[in-house]
Amino acid sequence: LDTRGELRSFRAVPPHIIDRAPTTPNEIEWSIFFTAAGLDQAEFRQVESKLTPRASHDFSTAWEGAYPENPQMPFRIEAAAFLGKVVSFHIVHSWEQPTREVAIPMKTGQKVFLGSVIGFLVLAGIGGGLLTLKNMRLGRGDRRGAFRLAHFAFWASMIRSVFFPNAHHVPTTGEFFIIMLPIIAWALLVAAFFWVVYMALEPLIRRRWPGRIISWTRLLAGDIRDPMVGRDLLIGALFGMGAMLWSLLRRVVPTWLGHPPGAPYAPAFGWLEAGSFLSFLGDRLLNGLVNCIVALFIILILAIILRRDWLAFVIGGAIVTVLLYAIDRDQSVIDLVFIATGVAAFNVFPLWRYGLLAAVSSFGLFNALIDLPITTNFTAWYATVFLMYLALLVALAVYGFYASLAGQKPFGGKFLEE
């Protein structure tokens, strides 16, 4: 079913033993499935089927039409029946491609994007390892902060894997070794990566850009009530919400200008079950940490090479813009403008002006709302995770506001005067 509770795809397994005579296609009750999908069969034109269903069948057909509320978005319905009973009914959109026989070829932009991401991670790992060895020989680096970051990353990775969607654990010896070996091994690798990169990065940033990690180091030191920590959490919340709204605006502006609608943005449907909330949270925290820390590492290297901080941030933002634009060759000039503006305003600027904690708060926490279906219908089956995550973000924002006041009363005269 889709998020409205309407039929999206149906597949049935035919009986093992044929116990009745075949029926004619006219006796098949397709209308039941059209009704379940929220569609009117009379509005669709019956055509020849193009896709082979997985189930055994003796009759297949298809229809073409569009959504009543969006006539500009055509789609097909592929269906099949066996002995008069429907065994397959699928809504197929124009952007979907069959993948059963041949894998979807990776586009050139996607190859460049994937190769660049792997290259950046390898550069951060190898370069970070060499710098870490040097810093340890010289007695540099915040080892306590690095250990705390690695400890956090370890448990975030563990939570993400243990509560991963569709990971139904059972109390068996085999399940114990599944958790003990791959999940813990991966969590240790993630923790080691963060420890190495932070040990390499922190002395260089502290010497060159100390203002960009003040709140971050205070948070790692355990000073959670520090006003700068609260300030950067609030700033990250502002930029994260702005990035989310900018992403939504990017999808509606082209249609306002007369362009055909593109493929809709698919939320993280795998994490919509309430039991997957912790996995979603761990995934977004790790994603925000690795992206922001690696980005800061690359920009720092560029600044050392170019000897101009502003130029390093501009080139870093340009690299991200080109990669995000190249990942999909169907993007238009409008998409390029939105990507470039969004990267500059909601990614590069917070990192440049406010530092690492604000960037992680923006990218890792608040911008993640775009990956959840936002709804005011609190009885919807997918609303639970959204409400849980929204409550967490509100709590963080309230905490950031309270901490940023440094003990002042929020509505006192002194606060308003200053």
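Residues numbered from 1 in each chain as written. Predicted model: local features only at pLDDT ≥ 70, side-chain atom pairs only at ≥ 80, totals over all residues. Heavy atoms only, no water.

Participant: So what's going on with the overall build of the chain? Residues and values would help.
Facilitator: Scanning the chain for helices and strands turns up 12 helices and five strands. The burial tally for the chain puts 39% of its 418 residues in the buried class. Restricting to contacts in the chain with at least 6 residues of sequence separation, those with at least 24 account for 70%. Put simply, the chain shows about 23,600 Å² of open surface, and 65% of that area lies on carbon and sulfur atoms. (Helix = DSSP H or I, 4+ residues; strand = E, 2+ residues; numbered from the N terminus. Buried < 20%, exposed > 50% of the residue type's maximum accessible area, 1.4 Å probe, protein only. Contact = heavy atoms within 4.5 Å. Areas by Shrake-Rupley, 256 points an atom, 1.4 Å probe, with all protein chains shown as cover.)

Participant: I'd like a description of helix α8 (residues 309-326), backed by residues and values.
Facilitator: Here α8 is 18 residues long and its end C-alpha atoms lie 26 Å apart, about the 26 Å a rise of 1.5 Å per residue gives. Those residues of α8 that fall on the buried side of the exposure criterion are Ala-312, Phe-313, Gly-316, Gly-317, Thr-321 and Leu-323. (Expected span 1.5 Å × (residues − 1).)

Participant: With reference to specific residues and values, describe the nonpolar core.
Facilitator: Within the largest apolar cluster, 41 residues are counted, with the highest numbers of intra-cluster contacts made by Leu-149, Phe-194, Trp-209, Trp-216, Ile-293 and Leu-356. In terms of residues, this core owes the most to one element, helix α7 (residues 277-306), which gives 12 residues. In this structure, Ile-293 is in contact with Leu-149, Phe-194, Val-197, Leu-201 and Leu-356, ignoring residues within four places of it in sequence. (Core = buried A, V, L, I, M, F, W, Y, C linked by side-chain atoms within 4.5 Å.)

Participant: Run through the pattern of salt bridges, naming residues and quoting values.
Facilitator: With the rule as written, the count across this model stands at 11 salt bridges. One salt bridge in this structure joins Arg-160 and Asp-283, with 2.6 Å as the shortest N-O distance. In this pair, Arg-160 is assigned in helix α3 (residues 143-162) and Asp-283 in helix α7, connecting sequence segments 123 residues apart. A relative accessible area of 24% places Arg-160 in the partly exposed class. A relative accessible area of 12% means that Asp-283 is categorised as buried. Here Asp-283 ties to Arg-284 by a salt bridge, and the two come within 2.1 Å at their closest N and O atoms. Residue classification places Arg-284 among the buried positions, given a relative accessible area of 12%. (Salt bridge = Lys/Arg side-chain N within 4 Å of Asp/Glu carboxyl O.)

Participant: Talk me through the confidence of the model for the chain; I want residue IDs and the actual numbers.
Facilitator: Summing up the model confidence of the chain, the mean pLDDT is 83 and the portion of residues at 70 or higher is 89%. Strand β1 (residues 9-11) holds the highest mean pLDDT among the elements of the chain, 91, whereas helix α12 (residues 413-417) holds the lowest, 55. (pLDDT = per-residue confidence, 0-100.)

Participant: I'd love a proper account of empty space enclosed by the protein, names of residues and values included.
Facilitator: The method is simple in principle: a probe with the dimensions of a water molecule rolls over the atoms, and the space it marks as empty is what remains. Within the structure shown, the criterion is met by one cavity of 30 Å³ or more. Roughly 40 Å³ of internal volume is contained in the largest cavity. Forming the walls of the largest cavity are Tyr-198, Leu-201, Glu-202, Ile-205, Ile-213, Trp-216, Ile-293 and Leu-356. Of the residues assigned to the lining of the largest cavity, the class counts are seven nonpolar, no polar and one charged. (1 Å grid on protein atoms, 1.4 Å probe; cavity = no way out; pocket = protein on both sides within 12 Å on 5 of 7 lines; lining within 4 Å. Points joined across faces, edges and corners; volume = space filled by probe spheres on them. Nonpolar A, V, L, I, M, F, W, Y, C, P; charged D, E, K, R; others polar.)

Participant: Please give an account of a positive patch on the surface that cites residues and values.
Facilitator: A contiguous patch of positive charge, built from Lys-134, Arg-137, Arg-140 and Arg-207, is present on the exposed surface. Mapping Lys-134 onto the fold places it in helix α2 (residues 108-137). (Patch = residues over 30% accessible without salt bridge, like charges linked within 9 Å, V, L, I, M, F, W, Y side chains within 5 Å. Lys, Arg positive; Asp, Glu negative; His and termini not counted. Charge placed at Lys NZ, Arg CZ, Asp CG, Glu CD.)

Participant: Quick rundown of the packing of aromatic side chains? Include the residues and the values.
Facilitator: The geometry of an aromatic ring pair comes down to the distance between the two centres and the angle between the two planes. Evaluation of the coordinates by the stated rule reveals 20 aromatic pairs. Geometrically, the ring pair formed by Phe-193 and Phe-194 is edge-to-face, given 5.8 Å between the ring centres and 80° between the ring planes. Of the aromatic side chains, those joined through ring pairs into one cluster are Phe-10, Trp-30, Phe-33, Phe-34, Phe-44, Phe-59, Trp-63, Tyr-67, Phe-75 and Phe-89. Directly above the aromatic system of Trp-209 lies the positively charged group of Arg-212, at a separation of 4.8 Å from the ring centroid. (Phe/Tyr/Trp six-rings, centres within 6.5 Å; stacked < 30°, edge-to-face > 60°. Lys NZ or Arg CZ within 6 Å of the ring centre and 35° of its normal.)

Participant: Now, about the side chain of Thr-132: what can you tell me, with residues and values included?
Facilitator: By the element assignment, Thr-132 lies in helix α2. Thr-132 gets classed as buried once you look at its relative accessible area, which sits at 3%. Looking at Thr-132, its side chain comes within polar contact range of the main-chain nitrogen of Ala-200, at 3.5 Å. Leave out the neighbours within four places in its chain, and Thr-132 touches Trp-195, Val-196, Met-199 and Ala-200. (Polar contact = N/O pair within 3.5 Å; in protein donor to acceptor, adjacent residues only side chain to side chain.)

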